[in-house]
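A look at the structure
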Amino acid sequence: MSAIDSPEAEFLAGADRAPAMEALALNKDFRLSGRHILHAVRDVSFGLYRGTVVALVGESGSGKSTVARLLAGQEYPTSGEIRLGGQPVDLSGRRAFRHHKSEVQLVFQDPFASLNPVHTVSYHLERPIRLHQGRKTRAEVNHEVDALLEQVRLVPAGQFSGKYPHELSGGQRQRVSFARALAAKPSVLLADEPVSMLDVSIRLEMLSLLDDLRRRFRLALLYITHDIASARYFADEVLVMYAGQIVERGPAEELTQRPAHPYTQLLVSSAPDPDNLGSTLRTGTGIKTTSNGTRPTEAGIPAIGCLFAPRCPLADDRCRAEYPVPQQISPTRSAACWRLDIAASQLTGPQEQRGGGDTTG
Amino acid sequence: MSAPTLGPVSSGPAVSGPVLDIRDFSVVYRTPGGDVRAVDKVNLALHPGEVVGLAGESGSGKSTLAYGACRLLRPPALITGGSIRYAGRRLTTPADVLKMRPEELKRMRWREIAIVFQSAMNALNPVLNVRDQLVDVIHAHLKMTREEAHDKAASLLDLVGIPRNRLRSYPHELSGGMRQRVMIAMALATDPEVVIMDEPTTALDVVVQRDILAQIVELKETLGFSILFITHDLSLLLELADRIAVMYAGQLMEVGTADEIHREPSHPYTKGLLNSFPSLRGPRRDLAGIPGSPPDLRNPPPGCPFLPRCDYGTDACTSVGMSLAKVSSSADPNHVTACPFVLPDTPRPPHKIRAEAPAAAEEVTS
């Protein structure tokens, strides 16, 4: 993992290149029973650049997986545009869809569910090779399978290609999923919670493998996670999503060290903190309920105003009436909040441009 | 919550000694390929009002240990030795769980030791509403009339902060956090003295997770039960638990207070675990993780089971008997480690001394 490099520098350098993939004002509504409509994705725009990692962070139900499915062409957006290499994505025909798939690949969360139990590892890899890499002889395909397995460090490759998913550990299965995604030779990789089903001790290894593949193939990587701490270490830019809206975005280190939006602040303060030995958990004083007695985590999404207002300690009348638009904090950071003057008072001063990296504690 | 139905047990006279004392406990899984030593001579004590964290990766035997302590394992699992002494306040003399007759076991389970299972979606019955499931538990373990049981179910929901109008909800109508709260309410229905929590918050978001953990701690303090908290997330335990037991390949590697484990981890595996999760706070550290995978427990290698993945391993480690020894440098007299060689201030070797990892370690990075 690129723990010593400066991700901000990489991110800023990447910003003037053309994005490999772009989401422009994406919206996705799902019609539920009756007249209910679920706004799963609201006005989401961002760019993915080759060789950089963008993390999409949010709780379950925040719409982050829907974003991945939209980008992968599994769902059609209700409105908005997706651009791939500067061109609007066209999924109208089989050929166009296949072309899109060869450029944009998905890695799923659960390696136990995403591999077919009745097929061998090599079958999982041969299919995308034949589909996306043109005509090849048997020997060429076999060679390619071995090369893919070596790239994800399943070595010796010959020992793994004939195995079935149940013969592999969770980490090994996820490596096969990575290899399968790489078989299409994509430019964009969408990784939907790629390590959250794995053991803590091998998560880092998998993330560093992903990081290594990202560098080697200059992949534009979208890393979807609920773990904001891993986003700090792994991503260049972080997008924080709440109820389908991107509420805050910025360079990973800066955003995690000095969160501006109240929701990001809540996320950061909720992460387990081993250094916090006088923890609220030990003393048992951590429960806060809102004025009407419901737990803040069970509060719903309002129809008007700021989506986070029911859980927000700073919400005022304006927040409950007007939907907040993203406000620029610095050239690389923005947050959708009406109360940024209070929520991010430490960020609004002119001297605060960079430098989250050297904060301690 | 009215006191007569669920009075705090902490008001009783202070009991000296642990409420649950696991000694030399061993479990094997009988498989065609040989016995898998899932739990190997584990000693662990849980004191009244204490939160003991059991940490380890999947397959380390932590759930087997906890379920074995309630004799909830079914074949091919086989308890091969040890004793589990339970000394609750409602018992006149301590009893050995392993020697209980079936009807004694039935009285002990849930009434004395309750479990919050890992996956609330699977542990709850999808075709029964919340009230019926709570009433089921109450009827199975307590003598109550229908009306009393219904009142009790409602007050249990109050206890875990779920509105009473959810009594008629079915599990699929509840959020993940609410389902887990129902599981906690169910475990507390009989006022147990020990609650085993098996990864109760693993599937939840951090914000919900923190909310539930805070509630667990609050309930523990008002009702006075002890918790055996199983998780693979050591960072969580450092904040939550009083003492932490680190388990690997069926054996305990290190036991100590959360502060000691955090400040002066003694076992290389504990050090590896501590270096496995990215931290949000403080300067960015170089993280390493633990390359490799656990040994095959059908044929455990001689000596230390962690040796193939250990950075500090020497030839002596293949012959060392695994027993927990006191960490001499530690301020905590009960801080024990299974690694006799590595003290907290031992410098990390410049390169690995040991030979190449065996073929069993398939996760090895090239």
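Residues numbered from 1 in each chain as written. Chains lettered and ligands numbered in written order. Predicted model: local features only at pLDDT ≥ 70, side-chain atom pairs only at ≥ 80, totals over all residues.

1. Re the overall build of chain A
On a plain count of helices and strands, chain A comes out with 15 helices and 12 strands. Burial analysis of chain A (361 residues in total) assigns 49% to the buried set. Nonlocal contacts in chain A, meaning residues at least 24 apart in sequence, comprise 65% of its contacts between residues at least 6 apart. (Helix = DSSP H or I, 4+ residues; strand = E, 2+ residues; numbered from the N terminus. Buried ≥ 20, exposed ≤ 12 C-beta atoms within 10 Å, placed from the backbone. Contact = placed C-beta atoms within 7 Å.)

2. A look at the sheet that holds strand S10 (residues 251-257) of chain B
Residue and element names in this part refer to chain B. Read across the sheet, 8 strands follow the order S6-S7-S8-S3-S9-S10-S12-S11 without closing on themselves; strand pairing throughout is mixed. Because the sheet does not close on itself, it has two edges, and the strands there are strand S6 (113-116) and strand S11 (325-326). Of the strand pairs in this sheet, S6 and strand S7 (residues 194-198) are connected by 4 bridges, and their pairing is parallel. Along S7, the bridge assignment pairs isoleucine 115 with isoleucine 196. Packed onto the sheet, helix H1 (residues 62-69) meets strand S3 (51-55), S7, strand S8 (226-231) and strand S9 (243-248) and runs at close to 150 degrees relative to S8. On the sheet, helix H6 (residues 176-188) packs against S6 and S7 and is oriented at approximately 175 degrees with respect to S6. (Pairing = 2+ DSSP bridges. Axes fitted to C-alpha atoms, helices over the stretch in contact; angles between N-to-C directions.)

3. Structural notes on the domain arrangement of chain A
Residue and element names in this part refer to chain A. Along its sequence, chain A is organised into domain 1 (7-254) and domain 2 (299-347). Computed over C-alpha atoms, the centres of domain 1 and domain 2 are 30 Å apart. Counting from both sides, the interface comprises 10 residues of domain 1 and, opposite them, 8 residues of domain 2. Sorting elements by how many residues they give to the side of domain 1 that touches domain 2 places strand S10 (residues 245-251) first, with 6 residues. (Domains from an automatic or database assignment.)

4. Overview of the packing of H6(B) against helix H7 (residues 206-223) of chain B
Residues and elements named next belong to chain B. The geometry of H6 relative to H7 is characterised by a closest axis approach of 11 Å and an angle of 15 degrees between their N-to-C directions. Taken together, the axes of H6 and H7 are roughly parallel relative to one another. Here H6 and H7 pass one another in a crossing that is right-handed. Contacts between H6 and H7 involve Gly177, Gln180, Arg181, Ile184 and Leu188 from the first element and Val208, Ile212, Ile216, Leu219 and Leu223 from the second. Residues belonging to the contact of H6 with H7 are distributed by class as follows: 7 nonpolar, 2 polar and 1 charged. (Parallel < 35°, antiparallel > 145°, perpendicular 65-115°, else oblique. Left-handed = near helix turned anticlockwise from the far one by under 90°. Nonpolar A, V, L, I, M, F, W, Y, C, P; charged D, E, K, R; others polar.)

5. Regarding the sheet that holds strand S1 (residues 21-31) of chain A
Residues and elements named next belong to chain A. Ordered by their spatial adjacency, 4 strands build an open sheet running S2-S1-S4-S5, and the pairing between neighbours is antiparallel. The strands lining the two open edges of the sheet, one partner per strand, are strand S2 (37-48) and strand S5 (87-88). The sheet contact formed by S1 and strand S4 (residues 79-84) spans 5 bridges and is antiparallel. Its bridge partner lying in S4, glutamate 22 is registered against arginine 83.

6. A word on helix H8 (residues 200-216) of chain A
End to end, H8(A) covers 25 Å across 17 residues, agreeing with the expected 24 Å (1.5 Å per residue, within 8%). Inspection of H8(A) places A:Val200, A:Ser201, A:Ile202, A:Arg203, A:Leu204, A:Glu205, A:Met206, A:Leu207, A:Leu209, A:Leu210 and A:Arg214 among the buried residues, and these make up the whole buried set. Those residues of H8(A) that are buried are in contact with strand S3 (53-57), helix H7 (170-182), strand S7 (188-192), strand S8 (220-225) and helix H9 (228-234) of chain A together with helix H10 (268-274) of chain B. Just downstream of H8(A) lies A:Arg218, where phi reads positive at about 45 degrees. (Expected span 1.5 Å × (residues − 1).)

7. Let's talk about the confidence of the model for chain B
Residue and element names in this part refer to chain B. On average, residues of chain B score 81 in pLDDT, and 88% of them are at 70 or above. Note that pLDDT drops below 50 for residues 1-15; the model gives that stretch 22 contacts with residues more than four away or on any other chain. Note that pLDDT drops below 50 for residues 349-366; the model gives that stretch 32 contacts with residues more than four away or on any other chain. (pLDDT = per-residue confidence, 0-100.)

8. Section: the nonpolar core
Counting residues in hydrophobic clusters, the biggest one holds 200 residues, and the most contacted among them are A:Ala55, A:Tyr223, B:Ala185 and B:Phe229. Element by element, the count of residues in this core is highest for H7(B), at 10 residues. With sequence-adjacent residues up to four places away left out, B:Ala185 is seen in contact with B:Leu134, B:Leu156, B:Leu157, B:Leu159 and B:Val160. (Core = buried A, V, L, I, M, F, W, Y, C linked by C-beta atoms within 7 Å.)

9. Brief notes about unusual backbone geometry
A:Pro156 follows A:Val155 through a cis peptide bond whose omega is -5 degrees. Following B:Pro75, the chain continues into B:Pro76 via a peptide bond in cis, with omega recorded as 10 degrees. Secondary-structure assignment places B:Pro76 in the loop between H1 and strand S4 (77-86). Phi angles above zero are rare outside glycine, and A:Lys185 is one such case at about 50 degrees.

10. Notes on the domain arrangement of chain B
Residues and elements named next belong to chain B. Examined at the domain level, chain B breaks down into domain 1 (9-241) and domain 2 (248-337). The distance between the C-alpha centroids of domain 1 and domain 2 comes to 27 Å. Contacts between domain 1 and domain 2 engage 21 residues on the former and 15 residues on the latter. Where the side of domain 1 that touches domain 2 is concerned, the elements lending two or more residues are strand S2 (34-46) and helix H8 (234-240). Broken down by element, the residue count for the side of domain 1 that touches domain 2 peaks at 9 residues, all from S2.

11. Brief notes about the pairing of S3(A)
Residue and element names in this part refer to chain A. Across the 5 residues of S3, 5 count as buried, placing the element largely inside the fold. Here S3 shows no split at all, with Val53, Ala55 and Val57 on one side and Val54 and Leu56 on the other all buried. Where S3 and S8 come together, 5 bridges link them in parallel fashion. Each residue of the ladder has a partner; that of valine 57, found in S8, is threonine 225. Across 4 bridges, the pairing between S3 and strand S9 (residues 237-242) is parallel. Bridge pairing links valine 54 to glutamate 237 in S9.

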